2 protein chains.
Amino acid sequence: MAVYTQLSDEELARFVAGHGLGDLRSVKGIAEGVENTNYLIETERGRYILTIYEKRVAPENLPFYLGLMEHLSSKGIACPLPVRDTNGQQVAQLAGRAAAIVTFLDGVSLRQPSQRHCDLVGEGLARLHLAGLDYPRRLPNALGPDGWQPLYRGFQARADEVRPGLGAFIEAELAALLPAWPSRLPEGVIHADLFPDNAFFLGDRLSGIIDFYFACNDMLAYDIAICLNAWCFDAKRAYDRDKGAALLAGYQRVRRLDAAERAALPALARGAALRFLLTRAHDWLNTPKDAIVEPHDPYDYVARIEQHREMVDALDYGLEG
Amino acid sequence: MAVYTQLSDEELARFVAGHGLGDLRSVKGIAEGVENTNYLIETERGRYILTIYEKRVAPENLPFYLGLMEHLSSKGIACPLPVRDTNGQQVAQLAGRAAAIVTFLDGVSLRQPSQRHCDLVGEGLARLHLAGLDYPRRLPNALGPDGWQPLYRGFQARADEVRPGLGAFIEAELAALLPAWPSRLPEGVIHADLFPDNAFFLGDRLSGIIDFYFACNDMLAYDIAICLNAWCFDAKRAYDRDKGAALLAGYQRVRRLDAAERAALPALARGAALRFLLTRAHDWLNTPKDAIVEPHDPYDYVARIEQHREMVDALDYGLEG
């Protein structure tokens, strides 16, 4: 939501020229994601996003993320394509930080996606999963179950500042989920953060998926579980079964879920909700009270978890066929 | 520097359609100015800036600002042109606030403008002044000398929190400037905030002037004085006489300064510096300590005032001919 790193005119012009993109025609700092500094630039060659990676993205993981975008693009997935510089590198230094230029994607992200959009994103997610199967690099999921305990410990003492009882709620969830976490499900590269603000639509098609900076190797069905949490709850925090059914139907047009994945979906959805509850609670406790950007309410995910607890299998989410 | 007002998909689509611009192709919240919420939008018809006016812009002054941009555009000044909606209005309500759509301008604003850019902006300012002479609406300068005392009173008790002695410094300036403030100089519409971030360049030409939300009626030479403060001091806060000479030469190619304006320039420059010192000190004292956006250092303008005090007339700023 903010532009953090400020650039000198020469630094910027040199960086753009070093990517063979010619003269700059315009530069706008944009509010795309909260993690990095992003500029929308236009040059003689077209429009691009210039990203300067701030503290949340580990520079050693950039080859995984940017290589993935290049791999997926080459397979026809509509995602940003990193522009290699004249030395053939996807990442270079700018203003003392790692930075990259990727292609700009047309499209609009939706705050209130419809059932139809849920169908399209489900289909797009499955295509992304198939296209990623032969991606050679590997990166474990730092925000998977092994990461939940350490993340919780970081704010455990203050958890009840968010709301009384949150600490006990999280501890009960950890105790329920960690011993029985699903395994041996089909794995691959997952996006792991495919929220509506990371999907662009143009008319009646999914025109782009962006922000691959949480991508990692994990169970593919866990990515579906994340999307169910991100796309299929209404403003009153109630599960929208029609949207869930649409998302799952869209997904299954491209890749069918097997029996183990169907059975595991409630646990995965509950774990995914816990993962976002943990990071939101952390951010809530670490955001200055007078910050311009209001942190998301962690209780959106408490409400989701309570509903996931009632689900028995994928049918309860609306899966058909 | 921030996107404040969040929009629903329908609100945004309806607003854009209501301006006859067709379907949205992309929307990016951009960091343009600190006062308003700005979105860079692209539709079937082209690129535009959608501005939602936040608290610093008085809605009753919008007809002056937007009408001015339309007037200047019609005279060939490269500034944003407000797009009237299908009811013929330049301003409409969006998300409960006044909002407008203006055309997008290519070009890059420069953090380190050169002597050549100072020449171009001087010329552009003079063209703007001539083009504004027959603009029929009027708006007094709320941040002119009549506004300095009230502005100072708002933080007087805390002035020395910025740095010890600032209160006494400001009071001495007010006492020196207010009784002898220049008058009877040529007047017209002034931009009043033409800093480098409000000027776009494309190659070797001034491709746009933006952000007319401080524009008002005042002495034209006061606008030059603002630009000398904004464009012609180096990073060590020293006056750059070469840049000042270039700015004044550029201006005089289009409109020559008369004898009274030349004599008044040091007082006007000192008053302009005081105006920015006052607003910066106010912002400094009212910005949360942990805000992402660091406030500008008010002492940049103390240093300028000390130099303006030594100037006798426009020749000291580098004016030739």
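On a predicted model such as this, the values are computed, not experimentally measured, just so you know. (Residues numbered from 1 in each chain as written. Chains lettered and ligands numbered in written order. Predicted model: local features only at pLDDT ≥ 70, side-chain atom pairs only at ≥ 80, totals over all residues.)

Below, the discussion takes up the overall build of chain A. When helices and strands are counted, chain A shows 10 helices and 9 strands. Projected onto its principal axes, the C-alpha positions of chain A cover 55 × 45 × 35 Å. Each of the 321 residues in chain A was classed as buried or not, and the buried ones make up 45%. For chain A, long-range pairs separated by at least 24 residues make up 73% of all intrachain contacts whose partners lie at least 6 apart in sequence. (Helix = DSSP H or I, 4+ residues; strand = E, 2+ residues; numbered from the N terminus. Buried ≥ 20, exposed ≤ 12 C-beta atoms within 10 Å, placed from the backbone. Contact = placed C-beta atoms within 7 Å.)

The transform that puts chain B on chain A rotates by 180° and translates by 0.0 Å along the axis, for an RMSD of 0.0 Å. What the rotation and shift describe, once combined, is the action of a two-fold rotation axis. The C-alpha atom lying nearest the rotation axis in chain B is that of B:Ile30; the distance is 2.1 Å. Of all interface residues in chain B, 100% are interface residues in chain A too; the two copies therefore contact each other through one and the same surface. (Least-squares fit on C-alpha atoms with pLDDT ≥ 70 in both.)

The next point concerns helix H10 (residues 299-308) of chain B. Residues and elements named next belong to chain B. Residues Tyr301, Val302, Arg304, Ile305 and His308 constitute the buried set of H10. Down the axis of H10, the sector holding all buried residues measures 165°, keeping them to one side. In this structure, the buried side of H10 is in contact with helix H6 (166-177), helix H7 (220-231) and helix H9 (259-286). (Arc of directions from axis to C-beta.)

Across the boundary between the two partners, chain B contributes 25 residues, which contact 25 residues of chain A. Of all the elements, strand S1 (residues 24-30) of chain B adds the most residues to the side of chain B that touches chain A, at 7 residues. Taken together, the residues that form the side of chain B that touches chain A break down as 13 nonpolar, 5 polar and 7 charged. (Nonpolar A, V, L, I, M, F, W, Y, C, P; charged D, E, K, R; others polar.)

Here we take up the environment of B:Pro298. Residues and elements named next belong to chain B. Looking at the element boundaries, proline 298 is found in the loop between H9 and H10. Sequence separation between proline 298 and leucine 278 is 20 residues, and the spatial gap between their C-alpha atoms is 7.8 Å. Residues within four places of proline 298 in sequence aside, it is in contact with Val162, Leu277, Arg280, Ala281 and Trp284.

Residues and elements named next belong to chain B. Compared with an ideal rise of 1.5 Å per residue, which puts 14 residues at 20 Å, helix H8 (residues 241-254) spans 20 Å between its outermost C-alpha atoms and is within 8% of the ideal. Turning to H8, its buried residues are Lys243, Gly244, Ala245, Ala246, Leu247, Leu248, Gly250 and Tyr251. Looking at the packing, one finds that the buried side of H8 touches helix H3 (115-132) and H7. (Expected span 1.5 Å × (residues − 1).)

Residue and element names in this part refer to chain A. Along its sequence, chain A is carved into domain 1 (9-103) and domain 2 (115-317). Spacing between the C-alpha centres of domain 1 and domain 2 amounts to 27 Å. Between domain 1 and domain 2, the contact holds 18 residues from the first and 18 residues from the second. Across the side of domain 1 that touches domain 2, the residue classes tally to 12 nonpolar, 4 polar and 2 charged. (Domains from an automatic or database assignment.)

Bringing the packing of helix H6 (residues 166-177) of chain A against helix H9 (residues 259-286) of chain A into the picture now. Each pair of packed helices can be summarised by the angle the axes make with each other and by the distance between the axes. All names here are of chain A. Put simply, H6 and H9 touch, their axes get as near as 11 Å, and they point 145° apart. Pair H6 / H9 crosses with left-handed handedness. Contacts between H6 and H9 involve Leu166, Ile170, Glu173 and Leu177 from the former and Ala267, Arg270, Gly271, Leu274, Leu277 and Ala281 from the latter. (Axes fitted to C-alpha atoms, helices over the stretch in contact; angles between N-to-C directions. Left-handed = near helix turned anticlockwise from the far one by under 90°.)

This paragraph deals with the packing of helix H3 (residues 115-132) of chain A against helix H7 (residues 220-231) of chain A. Residues and elements named next belong to chain A. Where H3 contacts H7, the axes come no closer than 11 Å and their chain directions differ by 160°. The orientation of H3 relative to H7 falls into the category roughly antiparallel. Regarding H3 and H7, the two cross each other, and that crossing is right-handed. On H7, the residues touching Cys118, Val121, Leu125 and His129 of H3 are Leu220, Asp223, Ile224, Cys227 and Trp231. Here the contact of H3 with H7 is built from residues that sort into 7 nonpolar, 1 polar and 1 charged. (Parallel < 35°, antiparallel > 145°, perpendicular 65-115°, else oblique.)

Within a regular strand, side chains alternate between the sheet's two faces. Residue and element names in this part refer to chain A. Pairing analysis gives 4 bridges linking strand S7 (residues 199-202) to strand S8 (residues 205-209), with the strands arranged antiparallel. Bridge pairing links alanine 199 to isoleucine 209 in S8. Hairpin connection of S7 to S8: 2 residues between the antiparallel strands, including glycine 203 at a positive phi of 55°. (Pairing = 2+ DSSP bridges.)

The phi angle at A:Ala192 is positive, at roughly 75°, despite the residue not being glycine. Looking at where A:Ala192 falls in the secondary structure, it is placed in the loop between strand S6 (187-190) and S7. Accessibility expressed as a C-beta count within 10 Å gives 21 for A:Ala192, which makes it buried. Located in the positive-phi region is B:Arg237, a residue other than glycine, with phi close to 70°. Its location among the elements puts B:Arg237 in the loop between H7 and H8.

Put simply, chain A has an average pLDDT of 94, and 96% of its residues get 70 or more. Complex prediction metrics read pTM 0.88 and ipTM 0.82. (pLDDT = per-residue confidence, 0-100.)

Relative to the helices and strands, B:Ile209 resides in strand S8 (residues 205-209). Judged by the 24 C-beta atoms lying within 10 Å of it, B:Ile209 falls in the buried class.

Along the polypeptide, B:Leu278 turns up in helix H9. Contact partners of B:Leu278, with chain neighbours within four places excluded, come to B:Trp148, B:Leu151 and B:Tyr152.

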